There are 2 protein chains.
Amino acid sequence: MQETVTIIKIGGQILDNESKLALFLEQFVQLPGKKILVHGGGKLATTLAEKMGVQQQMVDGRRITDSETLRIVTMVYAGYINKNLVASLNAQGCSSIGLCGADGSLIIAHKRQHPTIDFGWVGDIDSVNGQLLSSLLLQALTPVIAPITADTTGQLLNTNADTVAASLATALSANYSVQLVYAFERSGVLRNLEDADSVIPHIHFAMYQQLLQEKIIADGMIPKLENAFATLAGGAHKIMIGNALQLSDLLQGHAGTTLTYE
Amino acid sequence: MQETVTIIKIGGQILDNESKLALFLEQFVQLPGKKILVHGGGKLATTLAEKMGVQQQMVDGRRITDSETLRIVTMVYAGYINKNLVASLNAQGCSSIGLCGADGSLIIAHKRQHPTIDFGWVGDIDSVNGQLLSSLLLQALTPVIAPITADTTGQLLNTNADTVAASLATALSANYSVQLVYAFERSGVLRNLEDADSVIPHIHFAMYQQLLQEKIIADGMIPKLENAFATLAGGAHKIMIGNALQLSDLLQGHAGTTLTYE
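Definitions and cut-offs
Residues numbered from 1 in each chain as written. Chains lettered and ligands numbered in written order. Predicted model: local features only at pLDDT ≥ 70, side-chain atom pairs only at ≥ 80, totals over all residues. Pairing = 2+ DSSP bridges. Helix = DSSP H or I, 4+ residues; strand = E, 2+ residues; numbered from the N terminus. Axes fitted to C-alpha atoms, helices over the stretch in contact; angles between N-to-C directions. Buried ≥ 20, exposed ≤ 12 C-beta atoms within 10 Å, placed from the backbone. Arc of directions from axis to C-beta. Contact = placed C-beta atoms within 7 Å. pLDDT = per-residue confidence, 0-100. Parallel < 35°, antiparallel > 145°, perpendicular 65-115°, else oblique. Left-handed = near helix turned anticlockwise from the far one by under 90°. Nonpolar A, V, L, I, M, F, W, Y, C, P; charged D, E, K, R; others polar.

A. Molecular detail of the sheet that holds strand β14 (residues 257-260) of chain A. Residue and element names in this part refer to chain A. Taken in spatial order, the eight strands of this open sheet run β5-β8-β2-β1-β11-β13-β14-β12, and their pairing is mixed. The open sheet is flanked by β5 (96-100) and β12 (202-204), the only strands paired with a single partner. Strand-to-strand twist across the sheet, computed as the mean angle between neighbouring axes with direction ignored, equals 20 degrees. One ladder, built from five bridges, connects β5 with strand β8 (residues 142-146); its direction is parallel. Within β8, the residue paired with Leu99 across the bridge is Ile145.

B. Representation of helix α5 (residues 130-138) of chain B within the structure. Residue and element names in this part refer to chain B. Taken residue by residue, α5 has Leu132, Leu133, Leu136 and Leu137 as its buried positions. The arc that holds the buried residues of α5, viewed along the axis, is 135 degrees, so those residues lie on one side. Among the exposed residues of α5, those oriented more than 90 degrees off its buried face are Gln131 and Leu138. If you follow the buried residues of α5, they end up packed against β1 (4-10), β2 (34-39), β5 (96-100), β8 (142-146) and α6 (161-172). After α5 finishes, the residue Ala140 shows a positive phi value of roughly 65 degrees.

C. Local environment of the confidence of the model for chain A. The predicted model of chain A averages 94 in pLDDT, with 100% of residues at 70 or higher. The complex prediction reports pTM at 0.96, with the ipTM value standing at 0.95.

D. Quick peek at the packing of α6(B) against helix α8 (residues 222-233) of chain B. All names here are of chain B. At a closest axis distance of 10 Å, the pairing of α6 and α8 adopts a crossing angle of 15 degrees. Considering their axes alone, α6 and α8 lie roughly parallel with respect to each other. Here α6 and α8 pass one another in a crossing that is right-handed. Across from Asp162, Thr163, Ala166, Ala169 and Thr170 in α6, the residues of α8 making contact are Lys224, Asn227 and Thr231. A per-class count over the contact of α6 with α8 returns two nonpolar, four polar and two charged.

Structure, rendered in structure tokens:
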């Protein structure tokens, strides 16, 4: 049987709330076994951009990463947030090392190509250095990963943190049984958006397709689930979606939504 | 015979000059053997503080690291500068990993205690995780180190980059023959400050004491040399001081000042 690695991706809203973040980290520290934390950004990058007078450019509702914005997200994600998470985890006895995709060529990406929109310095992932991750895990270190990657010319790129987590899961699936947790402020995939108690506890691929047809899954959740099933198809064992403050229950299937391929 | 590790600390003025930095990095990539790059900050932190309206507090000519300044140096040193250096080195075939002192508890420090001045979030170093460094070096990775450390409670601390380089040198001296290079904009230790050609090629400890007595060594250089001789006493093999753009000549003793204990 393969050893389990748990990859947890935390959303921005947990990072923005000091007391919730502290609660989450306490639970994360308690998790047994090999684990990896992937984090996004939260509001700090936006606040900093405002303070510096950097205008956020949006095209079709998507944020464009111009040079100044890339500098800000690199500072905030790979610097401030990453190093504070690492220092806090180490202080709680969870030996952690903070990396971004550029470190040890952990994640090689390329600038996003799109027929009509120039997204700026946004990266789409080409490859993951699973050997480096395995080596750190074998040294009993918990990698804490910021979603900044680099291309082969040394250009840093802003990359979606959900996709980073999924790519790490796929890369590690060759040698480990990988469970991936998308931990955010909601309690899971809801059957009825108006009813927080309508969490669907388990979805497999055939059921997902049926839920899609019945239009039960809301727009915002569709890309998340689509990526999740692609990651399961790529070898990940299971994926959990749910509240970051119920980490232990999520992992045991007592809360949130568990996704499996079959 | 012990294997050699070369630790190079680059000063801020090289980091501020894109073309000089590129020239330095080209030379750094060419250096044979195990190596570590330690970097300071440059002007970017000051520029960012100005943009954000954060006042720099000075006491007795020394910068005080208040909470906002700590946030800025963490973002700039451990984020922006560190990750850009790493991405650039990787693109040139020098497989690098960027860390600050918090990562893997690489450098444990404590908040500086002083009878009359509160320096703010400034760290003095207690210990270095030489095992982590050795393990990265054995994986053919070049650690790129930002001078942000953490204490045992998870508080990040701003730490002098020269001291970080010296502490790494001392820690690695147990297992390696360590040479430490302070690479900056000047050509070495000068006999006559007015004459850039008056570089003293070699200084040993007895000679250093004599130069001090004769008041030949200028004020600014005294703490650098004092720390350097303490590092040599702690086990480092030799220390070179000189121009960052003459890296190969510095290492061969054809340029700059070489310090040895005897």
